[in-house]
Amino acid sequence: MNISIIGAGNIGATLARKLAAAGHRIRLANSRGPDSIQALASEVGATAVTREAAVQDADVIILAIPFDKHPMMTSLVNAAPAQAIIIDTSNYYPFRDGDIAALRNGQTESAWASEQLHRPVIKAWNAVLAATLAEKGQPAGQPGRLAIPVAGDDPQARAVAMSLVEATGFDAVDAGLLNDSWRQQPGTPAYCTELTKPALIAALQAADRQRAPLNRDALIKEFMSAGELTHEAIVARNRAVTA
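What counts, and where the lines are drawn
- Residues numbered from 1 in each chain as written.
- Predicted model: local features only at pLDDT ≥ 70, side-chain atom pairs only at ≥ 80, totals over all residues.
- Heavy atoms only, no water.
- Helix = DSSP H or I, 4+ residues; strand = E, 2+ residues; numbered from the N terminus.
- Buried < 20%, exposed > 50% of the residue type's maximum accessible area, 1.4 Å probe, protein only.
- Polar contact = N/O pair within 3.5 Å; in protein donor to acceptor, adjacent residues only side chain to side chain.
- Contact = heavy atoms within 4.5 Å.
- UniProt positions renumbered as here; feature names shortened; annotations may be inferred.

## Side note on the side chain of Ser110
Stage number 1. Considering the arrangement of structural elements, one finds Ser110 in helix α7 (residues 109–117).
Stage number 2. Classification of Ser110 as buried rests on a relative accessible area of 0%.
Stage number 3. Within the structure, Ser110 has its side chain in polar contact with the side chain of Lys123 (distance 3.1 Å).
Stage number 4. Not counting residues up to four positions away in its chain, the partners in contact with Ser110 are Asp88, Val121, Lys123, Leu178 and Ser181.

## Things to note about the UniProt feature "domain: Pyrroline-5-carboxylate reductase catalytic N-terminal" (unreviewed entry) in the protein
Stage number 1. UniProt marks residues 3–92 with the feature "domain: Pyrroline-5-carboxylate reductase catalytic N-terminal" (unreviewed entry), using the numbering shown here.
Stage number 2. Between the C-alpha atoms that bound residues 3–92 there is a distance of 24 Å. The span itself is 31% helix and 21% strand.

## Details of unusual backbone geometry
Stage number 1. For Trp125, which is not glycine, the phi torsion reads 60° and is therefore positive.
Stage number 2. With respect to the helices and strands, Trp125 occurs in the loop between β6 (122–124) and α8 (130–135).
Stage number 3. For Trp125, a relative accessible area of 1% translates into the label buried.
Stage number 4. Of note, Cys192 is a non-glycine position whose phi angle comes to about 55°, a positive value.
Stage number 5. Relative to the helices and strands, Cys192 resides in the loop between β8 (171–174) and α10 (197–206).

This is how it looks when you write it as structure tokens:
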């Protein structure tokens, strides 16, 4: 497939590397232009392009951008083919993204993002730490393979996103409709806790919508005040606080 990734940070670059290795044609773009990511694109097996070129003829567009940038992407995303699948990987953190009243009042993050883009989106790869995505993928069928939730309203688009998750080395879990994707937002038991498929399914069901933002804010406050933490420590605290 022709897959365009907007955003060349840790998540975007890792997805580009893994999906290129799986045989997909990858275009990588960022806000600073292709010259700024030419070396990175060559390293991961992608083609560096402008954001405008990235959306042309794309089968899938993956947004690996800060959450608050969605309103700035409307015209860009709407220049993409009507049938292009839009995958959102972002998460909302008020300290970074500002106070968004709709989210404070309980709207699901990716439902809000979809409204800003005026396009349906699929939620995937948001509930995994960058190091987990880069280092802990395994071949299908491997015992202990970790899982990633995927939510969205269009069953065919959701199935495509799930196949891409599998290609990055993780079991894909069908997490339901986009309005159900609050179950994989920050502060829930499914978020960045490195679970196998059965455990992830149970974690999605155990999510508490009222507790999740409180957990999210408590965890980020703890992480910001703790200084440098190991990856294992972050996963352990996520598990402990959201259990």
